[in-house]
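Topology and contacts: notes
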Amino acid sequence: MSQQDCLRRVLDDSLHLAANDAVCVGAIARADLLECSPELPVFEAARLMSERRVSSIVVVDDDDVVGIWTERDALAIDFRDVRAFSRPIRSVMSTPVRTQGYRTRKS
């Protein structure tokens, strides 16, 4: 079973959708995503994520999504070097990011 098949099964089970039903992105995504600027230090991004109890932060520059930083990205950082905590999030984020409108229907 592919990753896409697994995701579809989870969504179908949790949203009670038939296999061919479409759903608005807004029905499964949070409207209040955690955002930060590309210059925010890594330690501040981590603090915000911890406070909000989320696993990612969307990096936004002039209202454009330019990246995302996730727990997985954090695991790739060598924090034995104390300078890593002060690096700007843009230097460790994942990019590019594909975006989808909140009202976009996905099937």
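Look above for the structure.
Described in the following lines is the structure provided in the data block. (Residues numbered from 1 in each chain as written. Predicted model: local features only at pLDDT ≥ 70, side-chain atom pairs only at ≥ 80, totals over all residues. Heavy atoms only, no water.)

On to a nonpolar patch on the surface, then. Together, Phe 43, Val 82 and Phe 85 make up a nonpolar patch on the protein surface, roughly 290 Å² of accessible area in all. Turning to its location among the elements, Phe 43 is positioned in helix H2 (residues 42-52). The exposure class of Phe 43 is partly exposed, given its relative accessible area of 41%. (Patch = residues over 30% accessible without salt bridge, like charges linked within 9 Å, V, L, I, M, F, W, Y side chains within 5 Å. Areas by Shrake-Rupley, 256 points an atom, 1.4 Å probe, with all protein chains shown as cover. Salt bridge = Lys/Arg side-chain N within 4 Å of Asp/Glu carboxyl O. Helix = DSSP H or I, 4+ residues; strand = E, 2+ residues; numbered from the N terminus. Buried < 20%, exposed > 50% of the residue type's maximum accessible area, 1.4 Å probe, protein only.)

Glancing now at the packing of aromatic side chains. Counted according to the given criterion, the structure contains one aromatic pair. Judged by centre distance (4.8 Å) and plane angle (40°), the ring pair of Phe 79 and Phe 85 falls under tilted. (Phe/Tyr/Trp six-rings, centres within 6.5 Å; stacked < 30°, edge-to-face > 60°.)

Pairing within the open sheet is mixed, and its three strands lie in the order E2-E3-E4. Each edge of the open sheet carries a strand with a single partner, namely strand E2 (35-36) and strand E4 (64-70). Each of strand E3 (56-61) and E4 is contacted by H2, which is oriented at about 80° to E4, the strand it contacts most. (Pairing = 2+ DSSP bridges. Contact = heavy atoms within 4.5 Å. Axes fitted to C-alpha atoms, helices over the stretch in contact; angles between N-to-C directions.)

With that settled, the discussion passes to the pairing of E3. Pairing between E2 and E3: two bridges, direction parallel. Residue pairing across strands places Cys 36 opposite Val 59, the latter belonging to E3. You can see the chain leave E2, run along H2 and come back into E3, and the turn it takes is right-handed. Relative to E4, E3 runs antiparallel, the two being bridged by six bridges. The residue bridging Ile 57 from the neighbouring strand is Trp 69, located in E4. (Right-handed = clockwise from strand over helix to strand, strands pointing away.)

Following the criterion strictly, the structure yields five salt bridges and no others. Note that Arg 47 is salt-bridged to Glu 51, the shortest N-O span being 2.5 Å. Here Arg 47 pairs with Glu 51, and both are found in helix H2, just four residues apart, close to one helical turn. Owing to a relative accessible area of 36%, Arg 47 belongs among the partly exposed residues under this scheme. The salt bridge involving Asp 81 is made with Arg 83; its shortest N-O contact spans 3.1 Å. Residue Asp 81 is classed as partly exposed on the basis of its relative accessible area of 31%.

These figures come from the coordinates and say nothing about function on their own.
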